Amino acid sequence: MPGFSAWRVLDVIWETADACSLVLDAPLTYAPGQYLTVRTPAGVRSYSLASSPFVDAAPVVTVKRVRNGPVSNWICDHVRPGDRLEVTAPAGDFTPASLDDDLLLLAGGSGITPIMGIIRSIRARGQGRPVLIYANRDADSIIFGRELDGLLPVVHWLDRERGLPTAAGLARLLRPYRDREAFVCGPEAFVEVAEKALGLAGVPAARVHIERFTPTSSGEPAPAGPAAVPGPAEGPGPGPASASASASASASSAMTAVVPAADSGVAPVLPAADGEGMAVLPAADGGVTAVLPAAEGGVTAEVTMDGRTHVLPWPAGRRLLDVIIDAGLNPPYSCRQGQCGACAVRMTGGEVDLIHNEILEEEDFAEGYILACQAVPRSSTVSVTYF
Ligand SMILES: Cc1cc2nc3c(=O)[nH]c(=O)nc-3n(C[C@H](O)[C@H](O)[C@H](O)COP(=O)(O)OP(=O)(O)OC[C@H]3O[C@@H](n4cnc5c(N)ncnc54)[C@H](O)[C@@H]3O)c2cc1C
Ligand code: FES
């Protein structure tokens, strides 16, 4: 987990010079606004479904190039009709409660993708009369421009004409719709300014739904500390986390996933080398690797990646993904919010708390998977293996 399945790409449609839609021959069940996580040779990232489950015969994701971004550019450069693309099951909760509500939609650049899925769904199945405020660099960057203009009232914000969106400027535009439920999607800079604008206009946070395309740093303080939920430590072997750790039940709760170290098959940590505070582990291929200063009396992460095991000090307050990235390794991840599953890794020893989980289910815990972006340690050593 998360389980990737390979599906044929039926078509590649260029929406703008730097954004393409991939039509997948995949029998997916999804809600408007959900996303898939895609695995490519360049990395793992999430992409929202621009299609509507009520209208479109095949699911569609739309990918916009990000400057120097490995995955978006790999997809735009390499994927062709007839290729196979590895994706997970749809996930996410950026979905309106009712298609009959009059929604206020705010999108920045590629953030139009899930909003397009919502708009198409409202038009097919709902009575809602949404309005859209859509920010782009210039007219040529507008994705789905012609279709949108035929579907709903759109206020276009073009940076080339008005400068970057400002909170005051957006607030002026959205004030007439401030009684509505708001859906905001885009890169972090746009989301930040849109959130401020909604606040200025008096839209309560409880009515604001946000899908962030750029990962927030996971270094922020953990929400009130992870509450431990009994894990599978009671039984022998890598059993599942407790029933309360199922994805659906755990949208906002923390949990504990526990895998007995005895089962790990990972070579034990050797005594610190030469008493110099360095921990050394024999690599799976026999070579010694990953020698980093061990946190004195602290927690250690043993991370096996590409056949090598790295022993990393795990500073307090950091999550496993941060520890691995800080060490210069290149783990897969996307949302950093416990939503997409891109960072899933198999825990072979130790115990962790997951701060937040919307994707792993009981059977995933049974196989030992945890989310690196949400894992904080409960044992002094935690061992994980990338698959
Ligand atoms: C839930 C979810 C849904 C998403 N849906 C879509 C989608 O429908 N279409 C789409 O094109 N992208 C979408 N993204 C973003 C996508 O997952 C990748 O982050 C993006 O394609 C960049 O990946 P990369 O490997 O090319 O570049 P990275 O190396 O990941 O990013 C390079 C730099 O660009 C920043 N960045 C990342 N994404 C963006 C962005 N969209 N705009 C501006 N800067 C960015 C990063 O913070 C980083 O600084 C979604 C992300 C999430 C978490
Ligand atoms: S990166 Fe998305 S769940 Fe961890």
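The structure under discussion appears in the preceding block.
Below is a short write-up of the structure. Just so we're clear, the structure is a prediction, and the values are computed from it rather than from any experiment. (Residues numbered from 1 in each chain as written. Chains lettered and ligands numbered in written order. Predicted model: local features only at pLDDT ≥ 70, side-chain atom pairs only at ≥ 80, totals over all residues.)

### Topic: the site of ligand 1
Working step 1: Not every one of the 26 residues close to ligand 1 is listed here, only the nearest: G69, V71, S72, T113 and P187.
Working step 2: Mapped by element, the contributors of at least two residues to the shell around ligand 1 are β4 (43-48), β5 (60-64) and α1 (70-78).
Working step 3: Take the shell around ligand 1: its biggest share by element is 5 residues, from β4. (Near = placed C-beta within 6 Å. Helix = DSSP H or I, 4+ residues; strand = E, 2+ residues; numbered from the N terminus.)

### With respect to the sheet that holds β5
Working step 1: Within the open sheet, the 6 strands sit side by side as β4-β3-β6-β1-β2-β5. Their pairing is antiparallel. In this open sheet, the two strands that pair with only one neighbour each are β4 and β5. Here the average twist between neighbouring strands, direction ignored, is 45°.
Working step 2: Relative to β4, strand β3 (residues 35-40) is paired through 6 bridges, and the arrangement is antiparallel. Pairing of L36 across the sheet is with Y47, part of β4.
Working step 3: Across the sheet, α1 touches β2 (19-24), β3, β4 and β5, and the angle it forms with β5 is around 115°. (Pairing = 2+ DSSP bridges. Axes fitted to C-alpha atoms, helices over the stretch in contact; angles between N-to-C directions. Contact = placed C-beta atoms within 7 Å.)

### Structural notes on the pairing of strand β10 (residues 181-186)
Working step 1: Counting buried residues along β10, 6 of its 6 residues qualify, which places the element largely inside the surrounding structure.
Working step 2: Going residue by residue along β10, you find E181, F183 and C185 tucked away on one face and A182, V184 and G186 tucked away on the opposite face as well.
Working step 3: Two strands pair when backbone bridges link them, and strand β7 (residues 103-108) and β10 are joined in this way by 5 bridges, in the parallel orientation. By the bridge assignment for β10, L106 is matched with V184.
Working step 4: Sheet topology note: the β10/strand β11 (residues 208-212) ladder contains 5 bridges and is parallel. Directly across from A182, in β11, lies its bridge partner V208.
Working step 5: Between the parallel elements β10 and β11, the chain passes through helix α6 (residues 188-200) in a crossover that is right-handed. (Buried ≥ 20, exposed ≤ 12 C-beta atoms within 10 Å, placed from the backbone. Right-handed = clockwise from strand over helix to strand, strands pointing away.)

### Observations regarding the nonpolar core
Working step 1: In terms of nonpolar packing, the biggest core is built from 92 residues, with I115, F183, A194, C343, I370, L371 and A372 touching the most fellow members.
Working step 2: Sequence-distant contacts of C343, that is, excluding residues within four places in its chain, are made with L321, P331, P332, Y333, L371, A372 and C373. (Core = buried A, V, L, I, M, F, W, Y, C linked by C-beta atoms within 7 Å.)

### Description of helix α5 (residues 167-174)
Working step 1: All of the buried residues in α5 are L170, A171 and L174. Axial view of α5: buried residues confined to an arc of 105°, hence all on one face.
Working step 2: The inward-facing, buried residues of α5 abut β7, β8 (131-136) and α6. (Arc of directions from axis to C-beta.)

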